[in-house]
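Descriptive analysis of the structure
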Amino acid sequence: METLKEKILKDGYIIEPNILKVDQFINHQIDVELFIEIGQAFKSHFANQPITKILTVEASGIAVASLTSLAFGNIPVVFAKKATSAITAGKMYQASVHSFTKNQDYQMIVDQRFITKDDCVLIVDDFLANGQASLGLVSIVEQAGATLAGVGIVIEKGFQTGRELLEEKGIDVHSLAIIESFEEGRIVFK
Ligand code: 5GP
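Procedures and definitions
Residues numbered from 1 in each chain as written. Predicted model: local features only at pLDDT ≥ 70, side-chain atom pairs only at ≥ 80, totals over all residues. Heavy atoms only, no water. Axes fitted to C-alpha atoms, helices over the stretch in contact; angles between N-to-C directions. Helix = DSSP H or I, 4+ residues; strand = E, 2+ residues; numbered from the N terminus. Parallel < 35°, antiparallel > 145°, perpendicular 65-115°, else oblique. Left-handed = near helix turned anticlockwise from the far one by under 90°. Contact = heavy atoms within 4.5 Å. Nonpolar A, V, L, I, M, F, W, Y, C, P; charged D, E, K, R; others polar. Salt bridge = Lys/Arg side-chain N within 4 Å of Asp/Glu carboxyl O. Buried < 20%, exposed > 50% of the residue type's maximum accessible area, 1.4 Å probe, protein only. Near = heavy atom within 4 Å. Polar contact = N/O pair within 3.5 Å; in protein donor to acceptor, adjacent residues only side chain to side chain. Areas by Shrake-Rupley, 256 points an atom, 1.4 Å probe, with all protein chains shown as cover. Patch = residues over 30% accessible without salt bridge, like charges linked within 9 Å, V, L, I, M, F, W, Y side chains within 5 Å. Expected span 1.5 Å × (residues − 1). Core = buried A, V, L, I, M, F, W, Y, C linked by side-chain atoms within 4.5 Å.

A few words now on the packing of helix α3 (residues 32-46) against helix α4 (residues 61-71). Closest axis-to-axis distance for the α3/α4 pair is 8 Å, and the angle between their directions is 60°. Here α4 runs oblique to α3, going by the angle between their axes. The chirality of how α3 crosses α4 is right-handed. In contact with Phe35, Ile36, Ile38, Gly39, Gln40, Phe42 and Lys43 of α3, α4 contributes Ala63, Val64, Leu67, Thr68 and Ala71. Broken down by class, the residue content of the contact of α3 with α4 amounts to eight nonpolar, three polar and one charged.

Scanning all chains against the criterion turns up 12 salt bridges. Residue Asp11 pairs with Lys7 through a salt bridge whose shortest N-O separation is 3.6 Å. Pair noted here: Asp11 and Lys7 are both in helix α1 (residues 2-11), with a separation of four residues, about one helical turn. Note that Lys53 and Asp119 form a salt bridge whose closest N and O atoms lie 3.5 Å from each other. Of this pair, Lys53 sits in strand β3 (residues 53-57) while Asp119 sits in the loop between β6 (104-111) and β7 (120-128), and the two are 66 residues apart along the sequence. On the accessibility criterion, Lys53 (15% relative accessible area) is buried. Residue classification places Asp119 among the buried positions, given a relative accessible area of 9%.

In the vicinity of the ligand lie 16 residues, with Leu20, Asp125, Asn130, Gly131 and Ala133 positioned nearest. The contact in question runs from a nitrogen atom of the ligand to an N or O atom on the side chain of Asn27, over 3.1 Å. Here Gln132 contributes a backbone N or O atom positioned 3.1 Å from an oxygen atom of the ligand. Out of a free accessible area of 510 Å², the ligand has 89% covered by protein chains.

Moving on: a nonpolar patch on the surface. Nonpolar side chains collect at one region of the surface, where Ile30, Val32 and Ile36 lie side by side and expose about 240 Å² of accessible area between them. Summarising the element assignment, Val32 is placed in helix α3.

The next point concerns helix α5 (residues 132-144). Taking 1.5 Å of rise per residue, the 13 residues of α5 would be expected to cover 18 Å, and the 19 Å separating its terminal C-alpha atoms lies within 8% of that figure. For α5, the set of buried residues is Ser134, Gly136, Leu137, Val138, Ile140, Val141 and Ala144. A positive phi of about 70° marks Gly145, the residue just after α5.

With 33 residues, the main nonpolar core has Leu4, Ile8, Leu20, Ile38 and Ile155 as its most contacted residues. For this core, the elements supplying multiple residues, two or more each, are α1, α2 (23-27), α3, α4, β7, β8 (147-157), β9 (173-183) and β10 (186-189). The leading source of residues in this core is α3, at five residues. Ignoring sequence-local partners within four residues, the contact set of Leu4 consists of Phe25, Leu34, Val154, Leu176 and Ala177.

Structural data, given as structure tokens:
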């Protein structure tokens, strides 16, 4: 997606170690027009799947999922909540995830009422790095016995292992911008 790549080059910057900051338009301030285009791009790729739910993880995934939902004609968005410890009460799907940016583990939690075996789920997220967040969401879809349509990612860091881990499971991974490397502070797209 050219507009996304241009925006990344204009407003994105790299911080150590291998983290791209896009607070200007994704993670803190939001460029809604860009997000509308992101939603439409996911719709074009996954158009032929009978998607009934969009699943993401709080916080930054929520805007991505919401605008993607509108592109699909307003289908329900479910976002996994993050907890620091396992929840024992209630009927929840849970997955343990290691956060790449915070370098700590957390529990991803989704109420079982919101995804069932009858759902066909599209997972979306802002970034794909080592794939742990996406794999946590995949595990929740598996626990529900639902069908997984694929994974839509806004920015993939292609030099990390996420895509490989998801593709090993036969998952269709569609990223709108793939970064091949960070070379001396410069962002190089694939
Ligand atoms: P993964 O689980 O694939 O290792 O990392 C993906 C998650 O970590 C995303 O949900 C995103 O919030 C965060 N993340 C990973 N890499 C980056 C990055 O370079 N920049 C930002 N802003 N977030 C990242």
